[in-house]
Structures are given as structure tokens and as C-alpha cells.
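Residues per chain are reported as follows:
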Amino acid sequence: MRRLAREREATDGDTAMSIKSTEINPQRNATRPHEEDAWRSNPGMPLDLDWVESVAANTSAIERRVQTLTARRTVKKEWQAAWLLKAVSCIDLTTLSGDDTAERVRRLCAKARQPLKAELVNQLGIESLGLTVGAVCVYHVFVETAVEALKGSGIPVAAVSTGFPAGLSPLAERVAEIRRSVEAGAREIDIVIERGLALGGKWQALYDEIATFKQACGPGVHMKAILGTGDLMTLRNVGRASVVAMMAGADFIKTSTGKEAVNATLPVSLVMVRAIRKYFERTGVAVGFKPAGGIRTAKQALEWMFLMKDELGRPWLEPKLFRFGASGMLTDIERQLEHYATGRYAAAYRQPMA
Amino acid sequence: MSILERFETLEYGPAPEDPKEATAWLERHGRRFCHYIGGKWHEPAKGEQFETVDPSTGDALASVAQGSAEDVDAAVRAARAALGPWQALTPHARARYLYAMARQVQKHARRLAVLETMDNGKPIRESRDIDIPLVARHFYHHAGWAQLLPREFAGYAPCGVAGQIIPWNFPLLMLSWKIAPALAAGNTVVLKPAEHTPLTALAFAELCEEIGLPAGVVNVVTGDGRTGEALAAHEDVDKIAFTGSTEVGRAIRAATAGTGKKLSLELGGKSPFVVFDDADLDSAVEGMVDGIWFNQGQVCCAGSRLLVQEAVLETLTAKLRARMETLRLGPPLDKAIDMGAIAAAVQLERIQRLVARGVADGATCWQPSTALPERGWYYPPTLLTGVHPASVVAQEEIFGPVLTVTSFRTLHEAVELANNTAYGLAASVWSENINVALDVASRIKAGVVWVNGANQFDAASAFGGYRESGFGREGGREGMYEYLEPTWLHNAPALAASDVSSGGEWPDAKAGEPAIDWTVKQYIGGKQARPDSGYSFAVYASDGELLGEAPLGNRKDIRNAVEAAHKAEGWAKASQHNRAQVLYFLGENMARREAEMVAALGRVVGEEQARREVALGIERIFAYAAWADKFDGAVHSPAGRNVTLAMNEPLGVVGVICPTEAPLLGLLSTVLPLVAMGNCVVAVPSARYPLVSGHLYPLLDTSDVPGGVVNLVAGRTAELAKTLAEHDDVSAIWHFGDAAGCEAMKRASTGNLKQVFTHDGRQIDWFDPAQGEGEWYLRHATQVKNIWVPYGE
């Protein structure tokens, strides 16, 4: 009965989901979404295997939904500009390459502080936004560099952790990795799950592992659980792994490391987003979503935002609950915004690179 | 408002499609149109015009011609004149024209989509992404049939001039469903678009001009119901194809009854949307969006009755309400809206009236907080919960964005509720369990069943209904047959008057010898039964000698026989091999009685014919035993992760009025294809020799034909035939008596719109297997159900 009451509550109001206004306050300066009070960590819940087993995901129906969803929605003119600016504020600007260096990370941080060139900011009349990206995402070794470079900006540093990207190093080392990154100043930890546990249906083991990671993150640090959806293969597996990760305390669920053969796709995202909705309906806790890998264009950014708005509602279009794991996408958004501002199609080389 | 404010609210904002090109097209025509007849724009004979209106604003878009009987006549004459030259073209040449139509539709896709949306009120997303691409697809598919016609439809000839009447919900798509197969099969057409939405048909006529289609092959006459009536009544039209309401369908059935016009009807629906507790509920909700909120619910196959398993009733309706809140309703030319305007003011009133009726009947009405635009004809998405089957809104087609909700407890109950309707157009079944989904799909009486989907269409997967949703199919091979008939039948002479009339005349009783002691009874439910009337009638040989007495059947015998036939419907589930085996056994047993049957039948038809009837009868039994496991359906591969299983399903209980010319062979030729396909039959043997029953039922008994599969009721043909044709629990009637009887059957069939299969009073040579046997009969003994099966995890 308690559950039903929540479901009813969830259907009231203008959007599919409504979160209490104390949680999402549109009046607050949305350009600084990283304040402590804006977050409400997911306390998790005991593993409910019945729920996990009952997850259904019909692939062909989901593919159809995704196809029509992106055809049912579009934004034009100043609406499009506003949506793209919001997309920028939700980017986890990321560098996760073998050839990363401290200097490369500093460059990225500079771009994070000033994602659009000043000229464009003026043309758009958005100086007051103080627009930044959502976070900067790096390997552990660059956490300190990034924290230093971002000092005073309010932009959190996210560290990929737990044997990224495969998640197969010894558990103790994975846990220690989290602690070291948190000590180094990371405020967000992107953990990877052991995909084999999900493929083998070892939900209890998966739950325990993720709960251990969450504990290692400690209070005030936000944990994003990367499901490696390309490795999970089926949408049902994705749905089940999403539920287990949330039960174990994940604050965000994230599609991919960017290193799998297939990364963020809309069907996979739809399944994860629906799992988030159900978790919210049952527990009242809003978990965030982060698609990562393969999202390169402004058009794609908007498609994912339509998905968030229509399936979850307006609150899930804030960086507290929505992030893009992307790097190249920012340049394309800058081009589209410049086109809006000038009426001329823009060139990538005229946008300052990271 | 500034970008900053938009940044906070993140609303969608307006995204209008530019109507400039479509408006320019209207202006080029001075916003005034006349008929397209014989390749020319043709002023209406009576000079009458009416306005077509944009339902999203109520503003007039253009003035169009009101077609009179004279205009229809001119169009039919043009089509008739064009018929010979059109048929003289090579199939390849016709294929080129159809291909050109497909290309032309694609080249002007956006203008057509915008025009459709302006005239009809449907969202531009739908006309752009669904209607127009399906139109092009339909012409491509039928360009293919035009090319393959002589090879794939050998032995078939086009009907001639086709009169086609289409509705306002998918104006151009319905046009393509009508025109493409007609032309591919070698017919010429006169098309009447719906009065509310004539514009895209006129734009299409212009495309026909542009591709140089020979004059008169396609004619478009605009107008209201009177124009359609004139077209359906025109005596020089060979085929009528109608899509629209069941009421008008009934009227057309009656109007064409005595004319020999071939008829296909695609009528209303009240399609069930069945959700089991193991379904992907979020996806099922989207299925309902596609099912009932597509085109504002103005879809004949809309999933308008949600049947949901009790365990998930609350959860599913909560999800539905949440989803309904996010449906965007607004100006149909906006690219980001989900629902546009209702096509006509009268339709809006109908929806309002029926919803009020539903609430009065005890349903709870829920609508989201969505504001309606101030101008135009809009109706919000609507959920009626607590709807019981007895409620009007559970039975009547609303044709609007209104979903009724009823719960069920078991699979069995779900099927019962799904089938508790006069209609049978389509159904959706949602379950993650393939056994459940396919079991239910096979048991629902509907021409299309979508498993875990809704409102999917493809030119190769035929569309059409069971029961009062009409008959005939559109699309695929089945659809082509609606515009073709066997060449031999096309050229067959009229049936000679028979020496025994089926119309009421009765042989005079002759004084003479006392009756021969051979008691022939009715054969009902596998048992010999005395006629309810308690009367018998005398049967005479050709030389006037008394042969014996046959039971005189009446209404009640027919009633009993139909009930017995329904009890035997397990026959449809018998394996094909089993049915074949039973039929072979029947052949074997008849061969053992050959001499006796020849001797008895010879007294009536002469020994020569009797010998042939019996010998060929045995052969015919073997032929249908052979067909029993060979007349299979097909598998289609439409776009997406789907296969469609086109199943040839039996019709159910079928009444057969047997031909007079060959009392034995004619009966076998008509009853056997039905039986081989799994139908149960109530047959009225020819009044010329009704004693044939007495020869056959011992054979049926000894051949393991289950009781009730074949029922034989002798008596006055016209009287028994009328009872059968009027019987609401009979799915089809086969009448091979005289022309007057054929007409009477068609008129009497309108109650449940049962299919009527006749030769329209033309002569069939039952002794020629090319005429008396084969696929033509088997196709009429079955109806195609397309089950859309998705795959992939």
C-alpha cells in the first residue's frame, strides 16, 4: 500500500515525476549545481531479489519507443540554445587515455571552467549564468592536479576507480583505490561493476561488492556505478544490474566506461531510466543517470535530454541527476550555439579546444 | 523571454513545420478544386461545391466539388474507356507507372505530409514518419505485384472498373491501399475520398498527371455520402472497395447484393489490448500510446479496450496516467506534439457524447491536466476505468482518444473478454512469455494480432478483419485477390435455369405408387434426426417416378445444426494430418459404395452423369485430403525486429447451399474445401436430389468425421438458406444456387456482415477440376490472420 501511495504521488503534478521542491529548487542559481545541500545520497536498501527477477525489458518495444521518442520531440531557436546550455552544464568533461599527462588535464580543467568562448557568452547574453561543465573526470593519478586546477570553481572532480575499465583487479585494491581518490580530493567516484557477476546472475555478490564500494566512498562523495552495458548484452541484464546497483547505494547509474565495443545507446538508457523511475516510486530516492561513450553531437545530447524529460521529468535535467560522459560533444554544442548566435554555420577550429 | 528563463524552465517551445509549400499549392489551384476525370479537371455537372476545413483552426482550406450521379457516371465511363488500353499494356509497363507513383510520392513527401496534416488534423510527425512512408511503400510493393502478375496470378483476370470509397482518418494511405492493388491487378479506378479530407487525393491525381498515367486509369470524384452512394450503385462498376463505418458497410452490402459486384469491406473495430502480469509494463504503456493515442484514436484498429490482469491493474493504470500527463496536445503542424485535432466537428461531438454515456453507465473518467487549444476541435487523451463489458463504451466504437479499462483474472477470461465483441479487426497481446502470447494470439478472433506491439503496418502483411470488421484483405498476395477473379469465372455464361427451383417452386406430388421404405433423416451433430417440422417431402426421379421422401427441414433444424456445428469446432484444432486422414478414409469408403450410389443418383441425373459424379467425387475427396496439409500461410519480414505469421485460419461455422446441377459432386466440391480447412459446415443439399444425404451420412459416420463437422439439412432451399444467411452465429455462407438466391443471401447477410461466397449466378463446370476445385475455394474457406511476432533481447 505504501508503494501504491508513492506511485500516486509520483503521478501528480506537471511532470512525470515530482520531487519535493526542497530538493530541486529552480530559483536557486542553477549554474552552481554542486553544492552539498543539493545532493541527497542514496542510502540504498536491502537486496530484493524478487524485484530483480521481475525486471522485464522487451527489446523490440523499447527500440520502437526510442525511435519515436526522438521523432516526437524537438526544440528550436532560443529553446534549443537554452537546452544546449543545460547540456553543457551536465557534461562530465572527461579524459581517460593512456597518454594523459598533468598538462593535458590542466587544459581540460581550463575548458571546464570556461566551456564557451567569452564572445559567444556575450552574444548569448548568458554572462550571469557563470556556465561551467558538471564535473571533470580523470584517472586517479590526475585527481590532485585537477582539484588544484579547479580550485574556486565549484566544479567537482570525478575519478574513475575500481580497476577501470575492466573492474577485475583484486577487491581490496579496488576498494583502496576509491579511498585514495577520495583522499586526493575526488568528490565523485565512477566505479565499474564486475560484469561477470551480472552475467552469471550472482546478484547477491554484485550487491555486496557495490555496497562495499559505496561504503569506501564515505559520506558526501557521490558514487556512479558503471554497468558496462555493452558487455551485459541484453536489456534485461541491464535492467537487473541497474536495480541491484541502486539497491546497493549507487547515486548515479552510468552506462559504460567508453571502452566497451558498444557504449551508450538510447535503448539501454531507456531501460536504466525506467529502473530509476521505479526505484524512485518505491523508495522516494532520486538516483541520477549518466550515459557515457559515443555521444558526440549536440543532436544526440538533445535526444538524451528528451528521454530524461519525458521518462523522468524536469528534475532529471539538472547536473545533480544527469550527466553526460563526453568530451568531443562540447565542441559540437559550441558550434550549434554559435550558429544560433550568428546565423552562420560554425567551424570547429574556431572553438577553443580542451 | 530570454535564453536564461528558458534555461530554467526547459520547456519544449514551439516547433512549427512550415506550411508554405502546401499553402502555395492550394493557392496555385485558387483554393478551388473540381473532379479529376479521364485525365482532366472536370467541373461538377451540378456546379455544387463545398468547403474542406482545417480542424485545428476551423478555417476553410479550399472549396471542392460535390460529386453528383452525373459526375460519377462520367468518371465510371472514363474508367471503362481506359480499361482496355490499360490491360493491353505489358505488366512491366504497369509496374513502371506504379513505381513512378512511389517515387513521386517520395519526391513530394513533405508537401503531401503537410497537406494531410492541414486537412485532417493529425500530427505532422505521424503524416511525415508514418502515413507518407507507408504510402510510398505500398506503391513499391504493388509495382512488384504488377510486374509479377502473369506469373503469380496465372488464371486470374482483373475485375474491371473498381469503385473505391475511403475514410478521413488516413486519407492518402487509404488511397494507396485502394489504388495500388487495383492498378497492379489491371483494373481502372474511380476513387471517392472522404468529404472531410479530399485534398491529398486531389494532390495525388496531380501526381498521376505528372507521371503521364494514361487518362481514365485513375479518376477522383469528391463529395459526401451521396457521391459514395452513387458510386456503389453504378451499374457499370465491377468491384467496390470500401473502408469506413460498419453501418455504411452494411448499406453497401445490401446495395450491391444483386449486382454481381465484387465487394471488400474494411470496417470498424473495438480492438482489445491485452496485458498480462508478466509484461514489460512500461513498454505496454508506450504500446497504448501507439495504440489509442495515435491519430487521436481515430484508427479503425485502435487498441481501445485495455484488458489487464488484475494483479497489475493498479500499477498499470498509475503508469498510464503518468504517461498521459506527458502527452503533448496542440497544433498538428508542431513537430513536437503527440496529439493533434479531431478530424471533424461531428466526430468530436460523437466522442463527447459516448464518453458522457460511459460515465453515466458507471465508468470513471480521467483526463490529464493538459490544456486544450482555444480554437479547433480537440479532445484530450481519456481513460475510462471500471468499464464493464455491458457498458456501451465497451461495445461501441468511439473512434477517439478514449481507452476503456477492464480487468481479467485468467488467460481464459482474457480471451473471452477480447472476443466479446461484434468486431474482429485487430488485437495487441503483451506478455514476456511466448507461450502465453502466441496462445492468446491464436485464440483472439481478429485479422491482425500484434504481440508486444500496436498499430504496425506493412504492405506485404495483409490487413483486414474478422466478423463485423468486414471481409477482404488489403496488402500482400491476399489483397491482390480482392481485385482479381478466376478467368474462367470472369467469362462464364449465366447459370441455366434448373429443373428444380431453389426459389420456392416445388415438384408436384404425383399420384402413384406408395413410398419406398427408405427413411432419410436430417444429419445433425453426427446423429440422424427427424425433422423438427415432422414433415417429409417426396423426391422424384427425372422420369417422374417417386424415389423416396426427404425430411422437410425448418428454421429449428438449422438452429440445431448450427449449434451442433459450434460444438464440433475442435475440428479446427485437429492436426492437418488428422483431417487429411479422415478425408482419405471417406474417399475409401465411398469407393466401396460406388455402384450403389451411381445406381441411385442415375435415376435423377442419368447414368452417365451419375457415374462421373461419383468417380470425380472420390477424386475430389482425395484432392481435398491432399490440400488439408498443404494450404499453408506465409511468413513475412517487415521492418524492425518482427516476423509476421500469416495464418490461414478457418472461418468457423459455414452454411453451404449446394449446387443443383450436380447433386453429389457439387455438394462434395463445396463442403470438402471447408472441412479440409477446419470449418464446420451446415449444408443444404440440392433440392433436386436431397436424398443424397442418406448416402453420405453413413459414409461420414464410418469415416471418423467427428459429429457436427458436417451437418446436412434438407428442405426448401430458399427458406433454409435465408435462415442460415441471417444467423448471427454463422461466419460465412456459400451459395451456389441461382442468381436470385445469391442476391437474397447477400441481402440477408448484413446482420453480422458474414462473408458470402457465390458464383453470382454464373455457371461452374463442377466436372472440370480447374473450375470446381482448388485454391479459389480454399481461399474462401479460410481467413488470413497476421500475427506480428517480435524477437530479440
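Data block above holds the structure.
Definitions and limits used
- Residues numbered from 1 in each chain as written.
- Chains lettered and ligands numbered in written order.
- Predicted model: local features only at pLDDT ≥ 70, side-chain atom pairs only at ≥ 80, totals over all residues.
- Heavy atoms only, no water.
- Helix = DSSP H or I, 4+ residues; strand = E, 2+ residues; numbered from the N terminus.
- Buried < 20%, exposed > 50% of the residue type's maximum accessible area, 1.4 Å probe, protein only.
- Contact = heavy atoms within 4.5 Å.
- Areas by Shrake-Rupley, 256 points an atom, 1.4 Å probe, with all protein chains shown as cover.
- Axes fitted to C-alpha atoms, helices over the stretch in contact; angles between N-to-C directions.
- Parallel < 35°, antiparallel > 145°, perpendicular 65-115°, else oblique.
- Polar contact = N/O pair within 3.5 Å; in protein donor to acceptor, adjacent residues only side chain to side chain.
- Expected span 1.5 Å × (residues − 1).
- Salt bridge = Lys/Arg side-chain N within 4 Å of Asp/Glu carboxyl O.
- Core = buried A, V, L, I, M, F, W, Y, C linked by side-chain atoms within 4.5 Å.
- Pairing = 2+ DSSP bridges.

> Break down the overall build of chain A for me, with residues and values.
Each helix and strand in chain A was counted, giving 15 helices and 8 strands. Expressed as a percentage of its 354 residues, the buried residues of chain A come to 62%. Sequence separation of at least 24 residues holds for 77% of the intrachain contacts in chain A that already meet a minimum separation of 6. Taken as a whole, chain A presents about 13200 Å² of accessible surface, with 51% of it coming from carbon and sulfur.

> So what's going on with the packing of helix α3 (residues 59-72) of chain A against helix α13 (residues 266-283) of chain A? Which residues, and what values?
All names here are of chain A. One way to put it is that α3 packs onto α13 with a least axis distance of 9 Å and a crossing angle of 100°. Judged by the angle between their axes, α3 and α13 are roughly perpendicular. The residues of α13 that touch α3, namely those facing I62, E63, R65, V66 and T70, are L266, P267, L270, V271 and R274.

> Which residues make up the environment of D282 of chain B, and what values do they have?
Structurally, D282 of chain B can be placed in helix α11 (residues 281-292). The class of D282 of chain B is buried, set by a relative accessible area of 13%. Excluding its chain neighbours within four sequence positions, the residues that come into contact with D282 of chain B are R274 and R277 of chain A together with K319 of chain B. Of note is the side chain of D282 of chain B, whose polar atom sits 2.9 Å from the side chain of K319 of chain B.

> Break down helix α15 (residues 329-342) of chain A for me, with residues and values.
Residue and element names in this part refer to chain A. The terminal C-alpha atoms of α15, which comprises 14 residues, lie 20 Å apart, in line with the 20 Å expected from a rise of 1.5 Å per residue. Listed as buried for α15 are M329, L330, D332, I333, E334, L337 and E338. Along its buried surface, α15 packs onto α4 (77-89), β1 (91-94), α5 (102-113), α6 (118-124), α14 (298-311) and β8 (324-326). Of the residues trailing α15, G343 is marked for its positive phi of about 80°.

> Hey, could you go over the pattern of salt bridges for me, with residue numbers and the actual values?
This structure, assessed with the given rule, holds 70 salt bridges over all chains. R323 of chain A is paired through a salt bridge with E188 of chain A; the nearest N and O atoms lie 2.8 Å apart. Taken together, the residues span a long stretch of sequence, with R323 of chain A in the loop between α14 and β8 and E188 of chain A in strand β4 (residues 188-192) at a distance of 135 residues. The exposure class assigned to R323 of chain A is buried, which follows from its relative accessible area of 1%. E607 of chain B is the partner of R611 of chain B in a salt bridge, and the nearest nitrogen-oxygen pair spans 2.3 Å. Taken together, the residues R611 of chain B and E607 of chain B, both in helix α22 (residues 607-628) and 4 residues apart, mark about one turn of the helix. Here the residues in one salt-bridge network are R65, R274, R277 and E311 of chain A together with D282, E286, K319 and R323 of chain B, joined through shared partners.

> Which residues make up the nonpolar core, and what values do they have?
Residues F139, V275, W293, L306 and Y777 of chain B are the most contacted members of the largest nonpolar core, which totals 204 residues. L93, A216, L330 and L337 of chain A belong to the second largest nonpolar core, which has 113 residues in total.

> Lay out the sheet that holds β4 of chain A with the relevant residues and their values.
All names here are of chain A. Spatially, 8 strands are ordered β7-β6-β5-β4-β3-β2-β1-β8 in an open sheet, and the strand pairing comes out parallel. Bordering the open sheet on either side are β7 (288-290) and β8, each of which pairs with just one other strand. Taking each pair of neighbouring strands and ignoring which way they run, the sheet shows an average axis angle of 25°. Note: strand β6 (residues 252-254) against β7, 3 bridges, orientation parallel. Opposite F252, over in β7, you have G288 as the bridge partner. Each of β3 (157-160) and β4 touches helix α8 (residues 171-183); the most contacted strand, β4, lies at about 160° to it.

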